[in-house]
Amino acid sequence: MNYQNTLAFAQEQDQNDPLYHFRERFYYPQVNRHDAIYLCGNSLGLQPKSAQMYIDNEMYKWANLAVEGHFKGEEPWVNYHELLAPGAARVVGAKESEVVIMNQLTVNLHLMLVSFYRPQGRRYKIITEGGAFPSDQYALETQTKFHGYNPDDAVIELFPREGEHTLRTEDILQSIQTHADELALVMMGGINYYTGQVFDMETITKAGHAAGALVGFDLAHAAGNVPLRLHDWDVDFAVWCTYKYLNSGPGGTSGVYVHERFGNDPSIPRFAGWWGHNAQERFQMKKGFKPMEGAAGWQLSNGQILPMAVHRASLELFDEAGMENLRAKSEKLTGYLEFLIDDVGVGMEVLEMITPRDPQARGSQVSLLVKEHSRMLFDRLMEAGIIVDYREPNVIRVAPAPLYNSFEEVYRFSEILHKCLHGQ
């Protein structure tokens with residue numbers, strides 16, 4: 001696009017945006033008695049207005065049916081998780097049987113590692129990106145310790161080349177090839193939380209499999225942000241949260257994907273729970289675990305109905321908008337943000353964009369490395385009604401979510417950023 005640094009241009013883009021009306025379906029926090037410009041959906045998505053209705057429905061059933069709500073009514077709780085599978089499968093590009101909504105993100109990651117990190121002999125090492133989100137780091141550290149390995153030896157962290165901020169795909173592939181004989185697992189984020197870099201998941205998966213390893217991804221920053229094709233890419237497993245781009249509430253429920261070749265194999269090692277047992281026999285309360293087919297066989301406990309109700313509201317919005325449409329807007333919106341930041345920063349050395357410039361290598365996020373007074377800049381933005389987030393030691397992350405952010409908001413952000421940088 002031929003972007004312009006004018007309010008008129010931004011407003012024209014909003015007038016021509018087929019997704020603009022979705023803004024009306026969300027609540028916005030207030031700063032100085034005005035709607036904030038909320039560019040923090042990569043940390044916590046806004047609340048869909050429909051979420052309250054879905055929660056109220058389940059509260060009504062709880063009040064009027066109590067325990068019978070598990071089995072009575074149009075949508076009994078015993079099967080509630082099944083209502084979410086179609087929408088979740090469309091978000092991550094999977095078959096319905098390959099996904100299940102349950103637990104929370106790091107719990108699910110540990111459950112997946114129980115099944116898919118199975119070190120044997122020389123094959124005990126894990127490749128991951130250096131500086132991954134701490135939950136991933138801690139999970140890999142403790143899982144390798146659990147198996148008796150030193151994580152400093154067993155976990156291979158990949159870092160960008162000197163002077164660069166993001167990983168090159170060729171360097172990831174080279175590391176996989178170099179360690180092929182001792183590699184048990186490739187486990188990375190789909191998008192790096194710090195830089196916003198989208199990894200080439202399809203290519204990495206092919207390389208991992210060629211090396212004889214299994215491949216999984218933490219999609220916390222990818223699900224609902226970029227189009228995913230987990231089944232077609234032949235990914236072995238994945239996990240994600242729902243409270244970021246998927247707008248399903250603080251501490252919301254999580255999702256799991258397991259490729260069907262594993263989901264239909266009851267011999268796969270796992271930590272079992274009652275809700276993962278064969279549904280036809282579950283209430284017979286007998287010994288002897290028989291997993292349900294598909295990802296549902298990894299469930300532990302009955303569904304978290306209230307968080308799932310919020311997630312259901314959000315998934316319906318995603319179905320209505322369509323991931324391809326959201327991605328098309330995201331590329332334009334993030335591109336406009338990039339253009340405006342470049343324009344604001346002309347002649348200044350204080351800002352450096354560490355997110356890839358290639359639209360295919362990023363999602364709805366721009367990470368700004370602020371070389372001087374970074375915390376002061378962040379505080380001034382927040383005081384001016386711009387909600388972004390700060391990551392130590394000096395990065396401000398700006399995330400224009402296409403489902404509810406507008407071109408005018410991105411323009412207003414750049415105006416305020418300019419004033420803050422110039423002490424106005």
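Rules and cut-offs
Residues numbered from 1 in each chain as written. Predicted model: local features only at pLDDT ≥ 70, side-chain atom pairs only at ≥ 80, totals over all residues. Heavy atoms only, no water. Helix = DSSP H or I, 4+ residues; strand = E, 2+ residues; numbered from the N terminus. Rg over C-alpha atoms; globule rule 2.2 N^0.38 Å. Areas by Shrake-Rupley, 256 points an atom, 1.4 Å probe, with all protein chains shown as cover. Salt bridge = Lys/Arg side-chain N within 4 Å of Asp/Glu carboxyl O. Pairing = 2+ DSSP bridges. Axes fitted to C-alpha atoms, helices over the stretch in contact; angles between N-to-C directions. Core = buried A, V, L, I, M, F, W, Y, C linked by side-chain atoms within 4.5 Å. Buried < 20%, exposed > 50% of the residue type's maximum accessible area, 1.4 Å probe, protein only. Left-handed = near helix turned anticlockwise from the far one by under 90°. Contact = heavy atoms within 4.5 Å. Nonpolar A, V, L, I, M, F, W, Y, C, P; charged D, E, K, R; others polar. UniProt positions renumbered as here; feature names shortened; annotations may be inferred. Phe/Tyr/Trp six-rings, centres within 6.5 Å; stacked < 30°, edge-to-face > 60°. Lys NZ or Arg CZ within 6 Å of the ring centre and 35° of its normal. Lys, Arg positive; Asp, Glu negative; His and termini not counted.

*Asks:* Now, about the overall build of the protein chain: what can you tell me, with residues and values included?
*Replies:* Along the backbone of the protein chain there are 14 helices and 15 strands. Against the compact-globule benchmark of 22 Å for 424 residues, the protein chain has a radius of gyration of 22 Å, which places it among compact chains. In terms of principal-axis extent, the alpha carbons of the protein chain reach across some 70 × 60 × 35 Å. In the structure as shown, the protein chain presents an accessible area of about 18,600 Å², 50% of it carried by carbon and sulfur atoms.

*Asks:* Tell me about the pattern of salt bridges, residues and numbers included.
*Replies:* Pairing is possible between side chains that carry opposite charge, provided their charged atoms lie close to one another. All told, the structure shown has 29 salt bridges when counted by the stated rule. Residue Lys145 is joined to Glu141 by a salt bridge in which the shortest nitrogen-to-oxygen separation is 3.4 Å. Here Lys145 and its partner Glu141 are both found in helix 5 (residues 134-146), four residues apart, which amounts to about one turn of the helix. Between Asp379 and Arg375 there is a salt bridge, with the nearest N and O atoms lying 3.9 Å from each other. Taken together, the residues span about one helical turn, with Asp379 and Arg375 both in helix 13 (residues 374-383) at a distance of four residues. Sharing partners across several salt bridges, the network here consists of Glu338, Asp342, Arg357 and Arg362.

*Asks:* Go over the sheet that holds strand 15 (residues 395-398), please, and point to the residues and values.
*Replies:* Taking strand neighbours across the sheet as the criterion, the four strands line up as 11-12-15-14 in an open arrangement whose pairing is antiparallel. Each end of this open sheet is capped by a strand with a single partner; those strands are strand 11 (351-353) and strand 14 (389-391). In this sheet, neighbouring strand axes are inclined to one another by 30° on average, regardless of whether the strands run parallel or antiparallel.

*Asks:* Describe the nonpolar core, naming the residues involved and giving the relevant values.
*Replies:* One finds Val99, Ile176, Leu219, Trp240 and Leu403 to be the most contacted residues of the largest nonpolar core, which totals 69 residues. For this core, the element with the most residues is helix 11 (residues 305-321), which contributes nine residues. The next biggest cluster of nonpolar side chains, apart from the first, holds 33 residues, and it includes Tyr3, Leu333, Leu340 and Phe378.

*Asks:* Residue-level account of the packing of helix 4 (residues 105-116) against helix 5, with values.
*Replies:* Contact pair helix 4 / helix 5: the axes reach a minimum separation of 10 Å and the direction vectors enclose 35°. Crossing hand, helix 4 versus helix 5: right-handed. Contacts between helix 4 and helix 5 involve Thr106, Leu109, His110, Leu113 and Val114 from the first element and Ser135, Asp136, Ala139, Leu140, Thr142 and Gln143 from the second. When its residues are assigned to classes, the contact of helix 4 with helix 5 shows five nonpolar, five polar and one charged.

*Asks:* Describe in detail the UniProt feature "binding site: pyridoxal 5'-phosphate" (unreviewed entry) in the protein chain, supporting the description with residues and values.
*Replies:* In the numbering used here, UniProt assigns the feature "binding site: pyridoxal 5'-phosphate" (unreviewed entry) to Leu105, Thr106, Phe133, Pro134, Ser135, Asp136, Asp218, His221, Tyr243, Trp274 and Asn302. Spatial dispersion of the annotated residues is evident: they stretch over 198 residues in sequence, and the largest pairwise C-alpha distance comes to 30.7 Å. Take His221: it is sitting in the loop between strand 8 (214-218) and helix 9 (230-233). Assessed through its relative accessible area of 5%, His221 is described here as buried. Residues contacting His221, with those up to four places away along its chain left out, are Asn42, Ile191, Tyr193, Lys244, Tyr245, Gln365 and Arg397. In this view, Trp274 contacts Arg282, Phe283, Met285 and Leu300; residues no more than four positions away in its chain are not counted.

*Asks:* Describe the UniProt feature "modified residue: N6-(pyridoxal phosphate)lysine" (unreviewed entry) in the protein chain, naming the residues involved and giving the relevant values.
*Replies:* Here, UniProt's "modified residue: N6-(pyridoxal phosphate)lysine" (unreviewed entry) annotation points to Lys244. Tracing the backbone shows Lys244 in the loop between strand 9 (237-241) and strand 10 (254-258). For Lys244, a relative accessible area of 9% corresponds to the buried category. Those residues in contact with Lys244 that lie beyond four places of it in its chain are Gly41, Asn42, Ser43, Leu44, Gly45, Ala220 and His221.

*Asks:* With reference to specific residues and values, describe the packing of aromatic side chains.
*Replies:* For the structure on display, the rule yields 18 aromatic pairs. Geometrically, the ring pair formed by Trp274 and Trp275 is edge-to-face, given 5.2 Å between the ring centres and 70° between the ring planes. Taking relative accessible area as the criterion, Trp274 reaches 37% and is therefore assigned partly exposed. Chaining the aromatic ring pairs together yields one cluster made of Tyr3, Phe9, Tyr336, Phe339 and Phe407. The ring of Tyr27 carries the charged tip of Lys49 above its face, separated from the ring centre by 5.6 Å. One residue, Arg282, lies across the ring of Trp275, its end atom 4.2 Å from the ring centre.

*Asks:* Give a detailed account of the side chain of Asp136, specifying residues and quantitative values.
*Replies:* Topologically, Asp136 is positioned in helix 5. This buried residue, Asp136, is left without a salt bridge; Lys244 holds the nearest opposite charge, at 10 Å.

*Asks:* Explain unusual backbone geometry to me, using residue names and the numbers behind them.
*Replies:* Across the junction of Glu392 and Pro393, the peptide omega takes the value 5°, indicating a cis bond. Phi is positive for Met285, close to 60°, though the residue is something other than glycine. Relative to the helices and strands, Met285 is located in the loop between helix 10 (260-263) and helix 11. You can call Met285 exposed: its relative accessible area is 58%. For His373, which is not glycine, the phi torsion reads 55° and is therefore positive. Along the chain, His373 turns up in the loop between strand 12 (366-370) and helix 13. On the basis of relative accessibility, which here comes to 57%, the residue His373 falls in the exposed class.

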